[in-house]
Amino acid sequence: MLLFIFWASAAIIVYTYIGYPVTLMILAKIRAQPVKKAPFSPSVSFIIAGYNEASRIGDKINNLFQLDYDPEKIELVIASDGSSDDMVEKIREFGRPNIKVLPFDERRGKAACLNDAVAAASHEYLVFADVRQTFAPRALSALMENFADENVGAVSGELVFVEENESSTAASVDAYWRYEKFIRASEAKIDSVPGVTGAIYALKKSLFDPIPPGTILDDVLIPMQMLIKHRKRVVFESEAQAYDKPSTDVKKEEARKKRTLAGNYQLIALLPSVLNPFVNPIFFQFFSHKVLRLLAPAFLVLLFVASFLLAPKNPFYFMIFMAQVAFYGLFLIGLKVEALANSFPGKIARSFCIMNWFAILGFWQYVKDRDTHLWK
């Protein structure tokens, strides 16, 4: 039994973090489904929800109207989720007829605001955006070109981190995000991605289904509902870029990751059909990318314990156990030694350990915190 636990745990962990990306890379070469992109510039409604964003909303509005796109074809629908600052007044100062502001008095969470903002949108093509990030000039055009393919229902853009005085926290965020983008791009080549980049993605309004008000991961639930119900592709567009700065605040990054991973547990509860291979057309991608990531911490513990118990009996298992001790030691020492944390092995160790620790914390947060969907 101990040997079975060791080898099963090792196989699942290796597949989750190495085998799956390699499998995607191979599939992308032998069964790629290229998107039939072409110039396409329909009228677009931007959907934005924010809380107390008075200091940044003006820059965001200016950024969107300065894109390489006809401003007369752009509408902004901005929902204020019970903001206590002058966010609504800042929006109204622009005085543009193609800016709609929805000034909600009560905080309900992002999902409820998105439902109302989509209902208020005038156009078929929706682009969801957050306030913080800056769109590249061609981002909107690049998103829309994918809709020339009638099989495409949603398009995810790419979040690009702009590094400034990179700390170990920022380095681990960037290292993880590069790995994640490679996987998403490969998934999109063979079919669809099981989720989009919340800061920049597009969807047809006719394919949108309202989401429960307490939804945490709207950027996964919305495209997955669309994919399962309407069988349209969710693709990834690397030329549609939004720029952001990686977090240098350990507490804020911890809160963000816990919230995101709590959202993955919630997603399965809200849309259990994602686990049905006869209903979910991208079950393979979803299970490999999302579900196994949530289960990985348990298998890491099992592997560590099994190799510890087997180590006295065989040099091979002793070597595996010591390799784990060295890897986790690299992470722990890196918490105190910045230079080590910023080295390539240090970035890998930090990203891996933090990601799995937050998966555990995310589960606990999902269980105990019913207000996880609200802005903190």
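Throughout this document, residue positions are counted from 1 along each chain, in the order its sequence is written. Predicted model: local features are reported for residues with pLDDT of at least 70 only, side-chain atom pairs are reported and counted for 80 or more only, and whole-chain, interface and lining totals are derived from all residues. To get the side-chain values, take all heavy atoms of the structure and skip hydrogens and water.

## Considerations on helix α1 (residues 2-30)
We define the bend at each residue as the angle formed by axes fitted to the 7 residues ending at it and the 7 residues starting at it. Helix and strand labels come from DSSP, where a helix needs a run of H or I of at least four residues and a strand needs a run of E of at least two; each type is numbered from the N terminus. Along its length, α1 reaches its greatest deviation from straightness, about 55°, at Y15. Categorising residues by exposure relies on relative accessible area from a 1.4 Å probe, with only protein chains included: less than 20% of the type maximum marks a residue as buried, more than 50% marks it as exposed, and the intermediate range marks it as partly exposed. Where α1 is concerned, the buried positions are F6, S9, A10, I13, T16, Y17, Y20, P21, L24, L27 and A28.

## Notes on the packing of helix α9 (residues 283-310) against helix α12 (residues 344-368)
Where α9 meets α12, the closest approach of the two axes is 8 Å, and the angle between their N-to-C directions is 100°. Here α9 lies roughly perpendicular to α12, going by the angle between them. Touching R293, A296, P297 and L300 of α9 are F352, M355, N356, A359 and I360, all from α12. Split by residue class, the contact of α9 with α12 holds seven nonpolar, one polar and one charged. Interaxial angles span 0 to 180 degrees and are taken between N-to-C directions of axes, which are lines fitted to C-alpha atoms, for helices over the stretch in contact. Angle categories are assigned with fixed cut-offs, so that under 35 degrees is roughly parallel, over 145 is roughly antiparallel, 65 to 115 is roughly perpendicular, and the rest are oblique. Residues are treated as being in contact if the distance between any of their heavy atoms lies within 4.5 Å. We call Asp, Glu, Lys and Arg charged. Ala, Val, Leu, Ile, Met, Phe, Trp, Tyr, Cys and Pro are nonpolar, and the rest, Gly among them, are polar.

## What about the packing of aromatic side chains?
Paired rings are identified among Phe, Tyr and Trp, the last through its six-membered ring, by centres lying within 6.5 Å, and are further divided according to the angle between planes into stacked (under 30 degrees), edge-to-face (over 60) and tilted (the rest). A full pass over the atoms with the stated rule returns 20 aromatic pairs. Relative to F287, the ring of F283 lies with its centre 5.6 Å away and its plane at 25°, an arrangement referred to as stacked. On the criterion of helical spacing, the pair formed by F283 and F287 is a turn pair, its members being four residues apart in helix α9. On the basis of relative accessible area, F283 is assigned to the partly exposed category, the value being 24%. Centroid distance F308 to F321: 5.5 Å. Interplanar angle 55°. Geometry classified as tilted. With F308 in helix α9 and F321 in helix α10 (residues 315-334), this pair connects stretches of sequence that are 13 residues apart. Using a relative accessible area of 47% as the deciding quantity, one classes F308 as partly exposed. An aromatic cluster of at least three residues, connected via ring pairs, comprises Y17, F304, F308, F321, F327, Y328 and F352. We note R96 situated over the ring of F65; from NZ or CZ to the ring centre the distance is 3.7 Å. By definition, being over a ring means that NZ of Lys or CZ of Arg is both within 6 Å of the ring centre and within 35 degrees of the ring normal.

## Quick look at the pattern of salt bridges
It is possible for side chains of opposite charge to pair when their charged atoms get near one another. By definition here, a salt bridge exists when the distance from a side-chain nitrogen of Lys or Arg to a carboxyl oxygen of Asp or Glu is within 4 Å. One pass over the full model with this rule turns up 13 salt bridges. A salt bridge links K110 to D218, with the shortest nitrogen-to-oxygen separation between them at 3.9 Å. With K110 in helix α4 (residues 110-120) and D218 in helix α7 (residues 218-230), this residue pair connects regions lying 108 residues apart in the sequence. Of the two residues, K110 and D218, neither departs from the other in class, the shared state being buried. One salt bridge connects D209 with K229, and the closest N-O pair in it is separated by 3.3 Å. Here K229 lies in helix α7 and D209 lies in the loop between β7 (200-204) and α7, a separation of 20 residues in the sequence. Since its relative accessible area comes to 55%, K229 is described here as exposed.

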